[in-house]
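# Observations on the three-dimensional arrangement
The lines below spell out each chain.
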Amino acid sequence: MSTKPVLYYSPRSPPCRAVLLTAAAIGVELDLRLTNLKEKEHLTPEFLKLNPQHTIPVLDDNGTVVTDSHVISAYLADKYSPDETLYPKDKLKRMEVDARLYYDAGHLFPRVRLMVEPVIYFGADNIEQHKINYMHLAYDGLEKCLTNSPYLCGENLTIADLCAVASVSSGAIFAPINEEKFPKLAAWLKRLTQLPYYKKSNQEGADLLGSLVKDLLVANKKAKENQ
Ligand SMILES: N[C@@H](CCC(=O)N[C@@H](CS)C(=O)NCC(=O)O)C(=O)O
């Protein structure tokens, strides 16, 4: 008997939230398994069998194991989405969505992690200005994609929007989006926050990440002063 796909995840993680958004957009229920990175639950032999790259999210759909949020989102849309718009089957349209997904994988999320991971894992007590500027550079790429369309790939919401918004909403906590400089990006972000499942699938986890990092910045500073 087939059961709900299992998702190994953490709500703070932007890529995990991208998958939560995609699943909610499709209406597929997931069996959520919290994976605590601080406790090194992603480094156990059992987890490494699922994903030797030791990253979350990981999806286990009745024995089909899928890793990487972008690939998982594409898999879920292909397998479970009732309509094609979320991840188009047309080759040219799909290429455009894939290009935006790779932009998230290669530019947006890495710049978010560059700001937050030194604070979470290595005791940094400051997010340097150059990291914030670097995030802003990545916003610029999205601003230019948006031209006159409401979504990153035109008139329809796609998994590219859902993956990108998990990163952008997290990045914006530390590298705020200047509405004058990035008016289309700011409007796009507002548009996505209106999705009925946005708060539960993304906002709550982004808030958790924001408060964790802000608290750690203070704690790390104190620890340094007391050294
Ligand atoms: N490209 C991957 C990135 C996933 C990723 O780096 N996840 C972080 C948590 S936000 C992680 O698992 N870090 C643990 C590690 O790298 O060992 C994806 O989109 O799924």
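Residues numbered from 1 in each chain as written. Predicted model: local features only at pLDDT ≥ 70, side-chain atom pairs only at ≥ 80, totals over all residues. Heavy atoms only, no water.

Worth spelling out the cut-off: UniProt positions are given in the numbering used here, feature names are shortened, and annotations may be inferred rather than shown by experiment.
As named in an unreviewed UniProt entry, the protein chain is Glutathione S-transferase 1, taken from Ceratitis capitata. In its Subunit (unreviewed entry) section, the UniProt record describing the protein chain reads: "Homodimer."

### Brief notes about the UniProt feature "domain: GST C-terminal" (unreviewed entry) in the protein chain
Our working definition: By definition, any uninterrupted DSSP run of H or I lasting at least four residues is a helix, any uninterrupted run of E lasting at least two residues is a strand, and each is numbered from the N terminus.
Mapped onto this numbering, the UniProt entry gives "domain: GST C-terminal" (unreviewed entry) at residues 90-216. Helix makes up 76% of residues 90-216 and strand makes up 0%, while its end C-alpha atoms are separated by 46 Å.

### Topic: the site of the ligand
Stated precisely, the cut-off is as follows: In these notes, residues near a molecule or strand are those with any non-hydrogen atom within 4 Å of it. As used in this structure description, the phrase polar contact means that two N or O atoms lie within 3.5 Å; if the pair is within protein, one of them must be able to donate a hydrogen and the other to accept it, and residues adjacent in sequence are counted only when both atoms belong to side chains. Note on areas: Shrake-Rupley, 1.4 Å probe, and residue coverage restricted to the protein chains presented here.
Neighbouring the ligand are 13 residues; His54, Ile56, Asp68, Ser69 and Arg113 lie closest to it. Aspartate 68 has a polar side-chain atom sitting 2.8 Å from a nitrogen atom of the ligand. At a separation of 2.9 Å, an oxygen atom of the ligand approaches a polar side-chain atom of arginine 113. Relative to its unbound accessible area of 510 Å², the ligand is 83% covered by the protein chains. If you list the elements that add at least two residues to the shell around the ligand, you get helix 3 (69-80) and helix 4 (91-122).

### Describing helix 8 (residues 198-225)
Working note: α-helix, 3.6 residues per turn, so residues spaced by three or four point in the same direction. For the record, the criterion: Each helix should span, by expectation, one fewer than its residue count multiplied by 1.5 Å. Only protein chains enter the calculation, and the probe is 1.4 Å; a residue is then buried if its accessible area is under 20% of its type maximum, exposed if over 50%, and partly exposed in between.
Taking 1.5 Å as the rise per residue, helix 8 with 28 residues should run 40 Å; its terminal C-alpha atoms sit 39 Å apart, in good agreement. Listing the buried residues of helix 8 in full gives Tyr198, Ser201, Asn202, Gly205, Ala206, Leu209, Gly210, Val213, Leu216, Leu217 and Asn220.

### Re the packing of aromatic side chains
Selection rule: Pairing of aromatic rings covers Phe, Tyr and Trp, the last through its six-membered ring, and needs centres within 6.5 Å; plane angles under 30 degrees mean stacked, over 60 mean edge-to-face, and all others mean tilted. Charge-over-ring placement is defined geometrically: NZ (Lys) or CZ (Arg) within 6 Å of the ring centre, and within 35 degrees of the ring normal.
Counting across every chain of the model gives 3 aromatic pairs. The ring of tyrosine 134 carries the charged tip of arginine 111 above its face, separated from the ring centre by 3.8 Å.

### What to know about the sheet that holds strand 3 (residues 58-61)
In plain terms, the rule: A strand pair is defined by DSSP finding two or more bridges across the two strands. What counts as an axis is a line fitted to C-alpha atoms, over the stretch in contact for a helix, and the angles between N-to-C directions run from 0 to 180 degrees. Throughout, a residue-residue contact means that at least one pair of heavy atoms, one from each residue, lies within 4.5 Å.
Taken in spatial order, the 4 strands of this open sheet run 2-1-3-4, and their pairing is mixed. The open sheet has two edge strands, strand 2 (31-34) and strand 4 (64-67), and neither has a second partner. Strand-to-strand, the axes of this sheet are offset by a mean angle of 20 degrees, without reference to chain direction. Of the strand pairs in this sheet, strand 1 (residues 6-9) and strand 3 are connected by 3 bridges, and their pairing is antiparallel. For valine 6, the partnering residue across the bridge sits in strand 3 and is aspartate 60. Taken strand by strand, helix 1 (residues 14-26) contacts strand 1 and strand 2, and its axis lies near 150 degrees from that of strand 1.

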